[in-house]
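# Fold and geometry: a report
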Amino acid sequence: MTKVVKFGGSSLADATQFKKVANIIKADSDRRYIIPSAPGKRFDDDTKVTDMLIKLYKLAAKGKNLDNQIKKIKKRYDDIIEGLEIKDFSLDDEFKEIKAELEYNPTEDFAASRGEYLNGLIMAKYLGYEFVDPKDIIFFNEEHGLNSYKTEKRVAECLKDKKHAIIPGFYGSDKEGQVMTFSRGGSDITGSIIAGAIKADVYENWTDVSGFLAADPRIIENPVGIDMITYRELRELSYMGASVLHEDAIFPVRSAGIPINIRNTNRPEDDGTWIVESTAHKPEYVITGIAGKKGFCAVSITKALMNAEIGFGHKVLQAFEENNISFEHMPSGIDTMTVVVHEDEFLTKEQKVVSTIHRLTDPDSVEIESDLALIAVVGRGMKSTRGTAGRIFAALSHANVNVRMIDQGSSELNIIIGVENDDFEKAIKAIYDIFVTTRL
């Protein structure tokens, strides 16, 4: 069996965490290819190294002196090296190169990527594994998207004869060979790309939590954990705010049918959460999880005989497209169509959108409702259980929560509920209580 193993920033924040990671890797000989993140926070008020490097870039872009900021960053790494008692090893030359590059050609992507790069060098030295620079094996195209074909081919060629390797996360190179990064949290994507390219058996993603929880612990005290979740369920929950794993990390392994195992570096004995393509495993609860976000608004377009007008929906969405606004959901009736959008994105352009809708569709009326929160209730068990929607609305009614929008997909995998921003936490507690706490 071959496992690709990614460790997050909190797992590699200091020498003590490094030692935990090394023990985890050595405990299983199948853990062959390791993707490290940059050092994260050591305590609540600490600063992530990536943020320190972005600050370094901003100083360089303004032509400021870099010595003091470099000294602070270097100390973080020197403390790790000293704590690991690595002899005859330093990053002095690397920091000289970083300074020279930023003084000559400062780019944010290069600066931000050095956190993973330097941590990878330390880990390779500490474990005695070969270091592979992702700049040489992960490639972006002109549109800043991943060049999947070239990347997969190069990764497979590079790793085929390597029993173990350290491949830093978060970055690759563009068409000109310059460093380019994924969005923040992109080390998850690197691990997924490596796992997919080499057809790994498992992609382990180690972080500071024991997998996914059924609800946000900031709202629900000690929510139950999710032992197994499908890619489709995860996609719905991640999109609505569940953030243990970068949502783009799903796609490279999903196409290859490779399961992801979310594990806790500080509790390696926990099984964590398995993310799989499909499963006969019956969930313990009807729902898998609840997630949501505040800050939406609903634009409702009313027109008599709307359903008989060919292309009406296309024209409405064209009004949003012309103003560069993406939509989230689109519940509709016979004579009414509602488009749900992010409020902060929409407010500065609302009157332009409204006038465009009038120009393109000649509606009877256009109404806008703000302060809307969306809650996704997700679960593969919902499809085979009668009365799920009824139980949700009964729970919300009992909690005195007014439902302003309902949107259920044909797959019956999820139900989206719109409520007032002020009722957001109360609604999640009511839904969690009826499906998990009391199981009524």
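What comes next is a walk through the structure. (Residues numbered from 1 in each chain as written. Predicted model: local features only at pLDDT ≥ 70, side-chain atom pairs only at ≥ 80, totals over all residues. Heavy atoms only, no water.)

## A look at the sheet that holds strand β1 (residues 3-7)
Pairing in this open sheet of 8 strands is mixed, and the strands run β3-β4-β2-β1-β7-β9-β10-β8 from one edge to the other. Every other strand in the sheet has two partners, leaving β3 (130-131) and β8 (228-230) as the edge strands with one partner each. The sheet contact formed by β1 and strand β7 (residues 202-207) spans 5 bridges and is parallel. Its bridge partner lying in β7, Phe 7 is registered against Trp 206. Docked against the sheet, helix α8 (residues 231-239) engages β8, β9 (260-264) and β10 (273-276), running at close to 85° with respect to β8. (Pairing = 2+ DSSP bridges. Helix = DSSP H or I, 4+ residues; strand = E, 2+ residues; numbered from the N terminus. Contact = heavy atoms within 4.5 Å. Axes fitted to C-alpha atoms, helices over the stretch in contact; angles between N-to-C directions.)

## What about the packing of helix α4 (residues 92-104) against helix α5 (residues 108-127)?
Axis separation between α4 and α5 bottoms out at 12 Å; the angle between their running directions is 170°. Between α4 and α5, the angle falls in the class roughly antiparallel. Contact with α4, carried on its side by Glu 94, Phe 95, Ile 98, Glu 101 and Leu 102, involves Phe 110, Ala 111, Arg 114, Tyr 117, Leu 118 and Leu 121 of α5 and no other residues of that element. In terms of residue class, the contact of α4 with α5 is built from 8 nonpolar, no polar and 3 charged. (Parallel < 35°, antiparallel > 145°, perpendicular 65-115°, else oblique. Nonpolar A, V, L, I, M, F, W, Y, C, P; charged D, E, K, R; others polar.)

## A look at the nonpolar core
One finds Ile 167 and Ile 275 to be the most contacted residues of the largest nonpolar core, which totals 46 residues. Among the secondary structure elements, those contributing two or more residues to this core are β2 (31-36), α6 (148-159), α7 (187-197), α8, α9 (250-254), β9, β11 (289-302) and β13 (365-378). Counting residues per element, this core draws most heavily on α7, at 5 residues. Not counting the four nearest positions on each side in its chain, Ile 167 is found in contact with Tyr 33, Ile 34, Ile 35, Pro 36, Val 132, Pro 134, Ile 137, Leu 159 and Ile 194. Listed in part, the 42 residues of the second largest apolar core include Val 21, Tyr 77, Phe 95 and Phe 110. (Core = buried A, V, L, I, M, F, W, Y, C linked by side-chain atoms within 4.5 Å. Buried < 20%, exposed > 50% of the residue type's maximum accessible area, 1.4 Å probe, protein only.)

## Examining the pattern of salt bridges
Pairing between side chains of opposite charge can happen when the charged atoms of each approach one another. Under the definition given, this model contains 25 salt bridges. Between Glu 204 and Lys 3 there is a salt bridge, with the nearest N and O atoms lying 3.3 Å from each other. Residue Glu 204 is found in strand β7, and its partner Lys 3 is found in strand β1; the two are separated by 201 residues along the sequence. Glu 204 is paired through a salt bridge with Arg 31; the nearest N and O atoms lie 2.7 Å apart. With Glu 204 in strand β7 and Arg 31 in strand β2, the pair connects residues that are 173 residues apart, well separated along the chain. Here Glu 204 and Arg 31 have matching classes, each one buried. Salt bridges linked by common partners bring Lys 3, Asp 28, Arg 31, Glu 204 and Arg 263 together as one network. (Salt bridge = Lys/Arg side-chain N within 4 Å of Asp/Glu carboxyl O.)

## Describing unusual backbone geometry
Notably, Phe 170 is not glycine yet its phi reads approximately 90°, a positive angle. Relative to the assigned elements, Phe 170 resides in the loop between β4 (165-166) and β5 (171-173). Of note in this structure, Asp 371 is not a glycine but carries a positive phi near 55°. Of note, Asp 371 is situated in strand β13. You can call Asp 371 partly exposed: its relative accessible area is 37%.

Function cannot be inferred from these measures alone, as they are strictly geometric.
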